[in-house]
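# Residue-level structural notes
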Amino acid sequence: MSTLNPAYAAIRQQAYEANMQLPALGLVLFTFGNVSAADHSLGVFAIKPSGVPYEKLSPENMVIVDFDGNAVEGDLRPSSDTKTHAVLYKHWPKIGGIVHTHSTYGTAWAQSQRDIPLFGTTHADYNTVDIPCAPPMDDAMIEGNYEYETGFQIMNCFNDRGLDYKEVEMVLVGNHAPFTWGKTADKAVHNSAVLECVAKMALLTEQINPQAPRLKEALKRKHWERKHGPDSYYGQS
Ligand SMILES: O=C(CO)[C@@H](O)[C@@H](O)COP(=O)(O)O
């Protein structure tokens, strides 16, 4: 292995630790997912190498990539989803980590091309809107620069709906699967686990009551505000 730039050591470690959480949290089967961690001051991110089993990962074999998707450092090929991560980092500068999984319940909603409805307070603790499902990719996107276009499909979905990526940190891509992000890779993994939990609850809710109502506005606001509002009283100060 060639000598590694010490400037990238922190994001290598963050990406490694975050990737290792995916199997531990039951969010991936085999190599069905990837995490990256970015350093915007250096204009690069560290991402899982493609197709490498989690037990073979190390901080040293994370691949360093720039925000145009070019490999900067590393001996292995980066995740096949690298260009999607690159587009989001380039255009959404407050993101420090991104996760993509094929977690079962989130992916089932994506394959159904449906937003995850906001039925309860668990969901409202994280989002005051349904978790958006971006439209499936069209043939030109699929035949073109597919993973790069996936990034723009996510961004266009947020722009079309007037959503702020700093408030809603998760999305489904129709017929594909979830992507989540956050200020750190660790937070992006947390969001990925929350998405999966909420996706499962929403499916069960519709099964138990196909006419289940959406969470009412007052309860939605209460749960969001008590965790994220200016007068938050969740947790310890
Ligand atoms: O989307 C898919 C597969 O459809 C990929 O994200 C997943 O298998 C992970 O691929 P990588 O091992 O990161 O290249």
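Definitions and cut-offs
Residues numbered from 1 in each chain as written. Predicted model: local features only at pLDDT ≥ 70, side-chain atom pairs only at ≥ 80, totals over all residues. UniProt positions renumbered as here; feature names shortened; annotations may be inferred. Axes fitted to C-alpha atoms, helices over the stretch in contact; angles between N-to-C directions. Helix = DSSP H or I, 4+ residues; strand = E, 2+ residues; numbered from the N terminus. Left-handed = near helix turned anticlockwise from the far one by under 90°. Contact = placed C-beta atoms within 7 Å. Nonpolar A, V, L, I, M, F, W, Y, C, P; charged D, E, K, R; others polar. Pairing = 2+ DSSP bridges. Buried ≥ 20, exposed ≤ 12 C-beta atoms within 10 Å, placed from the backbone. Parallel < 35°, antiparallel > 145°, perpendicular 65-115°, else oblique. Expected span 1.5 Å × (residues − 1).

Naming follows an unreviewed UniProt entry, where the protein chain appears as L-ribulose-5-phosphate 4-epimerase of Polluticaenibacter yanchengensis. The annotation that UniProt attaches to the protein chain under Catalytic activity (unreviewed entry) is "L-ribulose 5-phosphate = D-xylulose 5-phosphate". Within the UniProt record for the protein chain, the comment given under Cofactor (unreviewed entry) is "Zn(2+)".

Before going further, it helps to spend a moment on the packing of helix α3 (residues 104–111) against helix α7 (residues 185–208). At their nearest, the axes of α3 and α7 sit 7 Å apart, and the two run at 65° to each other. Between α3 and α7 lies a crossing of left-handed hand. Seen from α3, the contacting residues are Tyr-105, Gly-106, Ala-108 and Trp-109; seen from α7, they are Leu-195, Glu-196, Ala-199, Lys-200 and Leu-203. For the contact of α3 with α7, the residue count by class is six nonpolar, one polar and two charged.

What follows deals with the environment of Asn-127. With respect to the element layout, Asn-127 can be found in the loop between α4 (121–124) and β6 (133–134). For the pair Asn-127 and His-223, spaced 96 residues apart in the sequence, the C-alpha separation amounts to 9.5 Å. Contacts of Asn-127, omitting those with residues within four sequence positions, involve Leu-118 and Val-168.

Turning to the sheet that holds β6, a few remarks are in order. Across the sheet, eight strands lie side by side as β4-β3-β2-β1-β5-β8-β7-β6; this open sheet has mixed pairing. Lying at the two open borders of the sheet, with one neighbouring strand each, are β4 (71–73) and β6. Summarising the sheet, strand β2 (residues 44–47) and strand β3 (residues 63–66) pair through four bridges and their orientation is antiparallel. In the sheet register, Val-44 faces β3, and the bridge partner there is Asp-66. Lying on the sheet, helix α1 (residues 9–24) is in contact with β1 (33–39), β2 and β5 (97–101); it crosses β1 at an angle near 155°. Seen against the sheet, α7 touches β1, β5, β7 (170–173) and β8 (178–182) and runs at an angle of roughly 140° to β8.

Before going further, it helps to spend a moment on the pairing of β2. Both faces of β2 are covered, namely the face carrying Val-44 and Ala-46 and the face carrying Phe-45 and Ile-47. Alignment of β1 against β2, held across four bridges, turns out to be antiparallel. Residue pairing in the sheet places Ala-37 in a bridge with Ala-46 of β2. Where β1 hands over to β2, the hairpin turn is made up of four residues, of which Gly-43 adopts a positive phi near 70°.

Here the focus is the packing of helix α2 (residues 82–91) against helix α6 (residues 146–161). Relative to each other, α2 and α6 sit at 45°, their axes nearing to 6 Å. The angle between the axes of α2 and α6 places the two elements in the oblique class. For the element pair α2 and α6, the recorded crossing hand is right-handed. On α6, the residues touching Thr-82, Lys-83, Thr-84, Val-87, Leu-88 and His-91 of α2 are Glu-147, Tyr-148, Thr-150, Gly-151, Phe-152, Ile-154 and Met-155. Broken down by class, the residue content of the contact of α2 with α6 amounts to six nonpolar, five polar and two charged.

Here the focus is the environment of Gln-21. By the element assignment, Gln-21 lies in helix α1. Judged by C-beta crowding, with 20 C-beta atoms within 10 Å, Gln-21 ranks as buried. Sequence spacing of Gln-21 and Ile-208 is 187 residues, and the spatial spacing of their C-alpha atoms is 31 Å.

Quick reminder: α-helices carry 3.6 residues per turn. Residues three or four places apart thus point the same way. The terminal C-alpha atoms of α1, which comprises 16 residues, lie 23 Å apart, in line with the 22 Å expected from a rise of 1.5 Å per residue. Among the residues making up α1, those that are buried are Ile-11, Arg-12, Gln-14, Ala-15, Tyr-16, Ala-18, Asn-19, Gln-21 and Leu-22. Buried residues in α1 make contact with β1, β2, β5 and α7. Taken from the residues just after α1, Gly-26 is the one with a positive phi, measuring 70°.

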